[in-house]
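Tertiary structure, described
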Amino acid sequence: MHNIGQREAHSTDFRSQVVDAQKLVEDGKIGELFYATAHYWESMMTSPFADACKNIPDEDNWRFDVERVGGGVLVDGATHWLRPLRMWLGEVEEVVGITGFEGIKSMTGESTASAILRFKNRKHAEFRALMTEAAVETKPFFSLIGQKGEITIHGNFTGGMTLYNDEHPMGLDLGSRGGFLASYEPEIEDFVGAVVKGSPLKASARYALGELKIAWAVYRSLQSKKWEKV
């Protein structure tokens, strides 16, 4: 019997802003976390991945092909925004949502999605996703609302976050320990540690199914026009 390690290609667990926000919540910097928003948005005019997409013919771009991806924005980039919500608020119990196809004409899967997520602890979050060919305003990627303040993760791939609480009512810029791309190195180290040393993975492939289950529930909600269990 082969001893095979498996890890999903998911770097969000190691993104410094996601990890730092979780630590701030655990340290009570914003009181009890009860609500969050996640907004995955990507403009093909400003994204760090835009040039790569532009140099690939539409028919060869896997991100735009629903048959190769298994869905649209919900199962592509948006899964990296669903993971932090699970890390901060726990497992999702049910969702209600809708999708659209207007963002990128050559994309055969959905390019927009909006959903409300209700967690098993009865807390909830708002989730939005957008891939577009147009230039759009920079928006926060995440907002974590607690009973004593807020943490905002800036809407860019280079990082940055701000803390608001009684001590910093106008906001404290916490800077950046590296953005989205900086999360790949610790992700690779995690997998190498599992292969070489037998260390436990930070997140298993089985755990990663949680984001896909949320996406499938949103698809079902679109059809049923009601809340769907995850």
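1. Some words on the side chain of Lys123
Within the secondary structure, Lys123 sits in the loop between β3 (112-119) and β4 (124-132). If sequence neighbours within four positions are ignored, Lys123 has contacts with Glu32, Leu33, Phe34, Leu89, Leu117 and Arg118.

2. Here we look at the packing of aromatic side chains
Under the counting rule described, the total for this entry stands at six aromatic pairs. Their ring planes at 45° and their centres at 5.9 Å tell us that Trp41 and Phe141 sit as a pair that is tilted. Placement of the pair is Trp41 in strand β1 (residues 33-43) and Phe141 in the loop between β4 and β5 (142-146), with a sequence separation of 100 residues. Residue Phe141 is classed as buried on the basis of its relative accessible area, which comes to 0%. Ring plane angle 35° and centroid distance 5.7 Å describe the contact between Trp216 and Tyr219, whose orientation is recorded as tilted. Of this pair, Trp216 and Tyr219 both sit in helix α6 (residues 205-224), three residues apart, which is roughly one turn of that helix. When its relative accessible area of 18% is taken as the criterion, Tyr219 is described as buried. Feature note: the residues Tyr40, Trp41, Trp81, Trp88, Phe141 and Phe142 constitute an aromatic cluster, connected by ring pairs. Directly above the ring of Tyr207 sits Arg86, whose terminal nitrogen or CZ lies 3.9 Å from the centroid.

3. Focus on unusual backbone geometry
Although it is not a glycine, Arg122 sits at a positive phi angle of roughly 75°. Mapping Arg122 onto the fold places it in the loop between β3 and β4. For Lys225, which is not glycine, the phi torsion reads 60° and is therefore positive. By the element assignment, Lys225 lies in the loop between α6 and β9 (228-229).

4. Quick look at the pairing of β1
The two faces of a sheet get side chains in turn, since along a regular strand they alternate between them. Within β1, nine of the 11 residues are buried, which leaves the element mostly enclosed by the surrounding structure. Here β1 pairs with β5 via five bridges, running antiparallel. Residue Ala38 lies in a different strand from β5, and its bridge partner there is Phe142. Relative to β4, β1 runs parallel, the two sharing nine bridges. Pairing of Tyr35 across the sheet is with His124, part of β4.

5. A few points about helix α1 (residues 16-26)
Regarding α1, the residues found buried are Ser16, Gln17, Val18, Ala21, Leu24 and Val25. Just past α1, the residue Gly28 takes up positive phi, approximately 75°.

6. Details of the pattern of salt bridges
Applying the stated criterion across every chain yields a total of 15 salt bridges. The salt bridge involving Glu211 is made with Arg86; its shortest N-O contact spans 2.5 Å. Highlighted residues: Glu211 in helix α6 and Arg86 in helix α4 (residues 79-89), separated in sequence by 125 residues. Side by side, Glu211 and Arg86 carry an identical accessibility label, which is buried. Linking Arg122 and Glu93 is a salt bridge whose minimum nitrogen-to-oxygen distance equals 2.5 Å. Within this pair, whereas Arg122 is found in the loop between β3 and β4, its partner Glu93 is found in strand β2 (residues 92-100), the two being separated by 29 residues in sequence. The exposure class assigned to Glu93 is partly exposed, which follows from its relative accessible area of 24%.

7. Quick notes on the environment of Leu117
Along the chain, the position of Leu117 falls in strand β3. Each C-alpha atom of the pair Leu117 and Val96 lies 7.0 Å from the other, and the pair is 21 residues apart in sequence. Filtering out sequence-adjacent residues up to four positions away, Leu117 remains in contact with Leu82, Leu85, Val92, Glu94, Val95, Lys123, His124, Ala125, Phe127 and Ile214.

8. Some details on the pairing of β2
The sheet contact formed by β2 and β3 spans eight bridges and is antiparallel. What sits directly across from Gly97, in β3, is Ala115. As defined by bridge partners, β2 adjoins β9 across two bridges and the pair is classed as antiparallel. Across the sheet, Val95 pairs through a bridge with Glu228, a residue of β9.

What counts and what doesn't
- Residues numbered from 1 in each chain as written.
- Predicted model: local features only at pLDDT ≥ 70, side-chain atom pairs only at ≥ 80, totals over all residues.
- Heavy atoms only, no water.
- Helix = DSSP H or I, 4+ residues; strand = E, 2+ residues; numbered from the N terminus.
- Contact = heavy atoms within 4.5 Å.
- Phe/Tyr/Trp six-rings, centres within 6.5 Å; stacked < 30°, edge-to-face > 60°.
- Buried < 20%, exposed > 50% of the residue type's maximum accessible area, 1.4 Å probe, protein only.
- Lys NZ or Arg CZ within 6 Å of the ring centre and 35° of its normal.
- Pairing = 2+ DSSP bridges.
- Salt bridge = Lys/Arg side-chain N within 4 Å of Asp/Glu carboxyl O.

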